[in-house]
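An overview of the molecular structure
So you can see what is in the structure, the chains are spelled out below.
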Amino acid sequence: MDAESLKGHLDLLLLATLEARRAHGYAIAEMLRQQSHGTFDLPEGTLYPALHRLEHAGLLTSKWSDESGRRRRVYQLTAKGHRQLSSKQQEWRQFAQAVQAVIGS
């Protein structure tokens, strides 16, 4: 999928990926890739700036972890992030229904 198609939806995808559990950047990218059957294969230059932006906005928090003998930054949703995810999911459903109404099945 090209970057233009992803614009405006990246935050929703990242927040949804982190809804169930905390994860480090590579794991987030891998979950997105697997869940989308390869459609969302985010380069580091897209993923990490977005994670940092979401953290700066208070939607994510992060901390260093030494799991598996490697030092990694692990991200998780904040309460504000959960609220934002819920709002973005509702917006997406309304948008998808409207597009579907126009283009048909």
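This section reports on the structure supplied with the text.

Next up on the list: the sheet that holds strand β2 (residues 60-65). The strand order across the open sheet built from 3 strands is β1-β3-β2, with neighbouring strands paired in antiparallel fashion. Every other strand in the sheet has two partners, leaving β1 (23-24) and β2 as the edge strands with one partner each.

Turning our attention to the packing of aromatic side chains. Scanning the model with the defined rule gives 1 aromatic pair in all. Measuring from centroid to centroid gives 5.7 Å for Trp92 and Phe95, while their planes differ by 40°, and the two rings are tilted. Of this pair, Trp92 and Phe95 both sit in helix α5 (residues 79-103), 3 residues apart, which is roughly one turn of the helix. Residue Trp92 is classed as partly exposed on the basis of its relative accessible area of 38%. Using a relative accessible area of 44% as the deciding quantity, one classes Phe95 as partly exposed. The aromatic ring of Trp64 is capped on one face by Arg71, whose charged end is 4.3 Å from the ring centroid.

Positive phi is not limited to glycine here, since His37 has a value of about 55°. With respect to the helices and strands, His37 occurs in the loop between α3 (25-35) and α4 (44-56). On the basis of relative accessible area, His37 is assigned to the exposed category, the value being 75%.

In this section: the packing of α3 against α4. Orientation of α3 relative to α4, taken along the N-to-C sense of each, is 115°, at an axis distance of 11 Å. By the angle between their axes, α3 is roughly perpendicular relative to α4. For the pair α3 and α4, the sense of crossing is right-handed. For the pair α3 and α4, contact is made by Gly25, Tyr26, Ile28 and Ala29 and by Leu47, Tyr48 and Leu51, respectively.

Charged atoms that come close allow side chains of opposite charge to pair. For the coordinates displayed, the defined rule picks out 3 salt bridges. The salt bridge involving Glu30 is made with Arg33; its shortest N-O contact spans 2.7 Å. With Glu30 and Arg33 both in helix α3 and 3 residues apart, this pair spans about one turn of that helix. Arg33 is paired through a salt bridge with Asp41; the nearest N and O atoms lie 2.3 Å apart. Take Asp41: its relative accessible area is 48%, and that puts it in the partly exposed class. Salt bridges here are not isolated pairs; linked through shared partners, they connect Glu30, Arg33 and Asp41.

Counting 24 residues, the largest nonpolar core has Leu14, Leu18, Ile28, Leu51 and Leu60 as the members making the most contacts within it. Where this core is concerned, the elements lending two or more residues are α2 (10-17), α3, α4 and β3 (72-77). Residue contacts for Leu14: discarding those within four places in its chain leaves Ile28, Leu32, Leu42, Leu47, Ala50, Leu51 and Leu54.

Calculation rules
Residues numbered from 1 in each chain as written. Predicted model: local features only at pLDDT ≥ 70, side-chain atom pairs only at ≥ 80, totals over all residues. Heavy atoms only, no water. Pairing = 2+ DSSP bridges. Helix = DSSP H or I, 4+ residues; strand = E, 2+ residues; numbered from the N terminus. Phe/Tyr/Trp six-rings, centres within 6.5 Å; stacked < 30°, edge-to-face > 60°. Buried < 20%, exposed > 50% of the residue type's maximum accessible area, 1.4 Å probe, protein only. Lys NZ or Arg CZ within 6 Å of the ring centre and 35° of its normal. Axes fitted to C-alpha atoms, helices over the stretch in contact; angles between N-to-C directions. Parallel < 35°, antiparallel > 145°, perpendicular 65-115°, else oblique. Left-handed = near helix turned anticlockwise from the far one by under 90°. Contact = heavy atoms within 4.5 Å. Salt bridge = Lys/Arg side-chain N within 4 Å of Asp/Glu carboxyl O. Core = buried A, V, L, I, M, F, W, Y, C linked by side-chain atoms within 4.5 Å.

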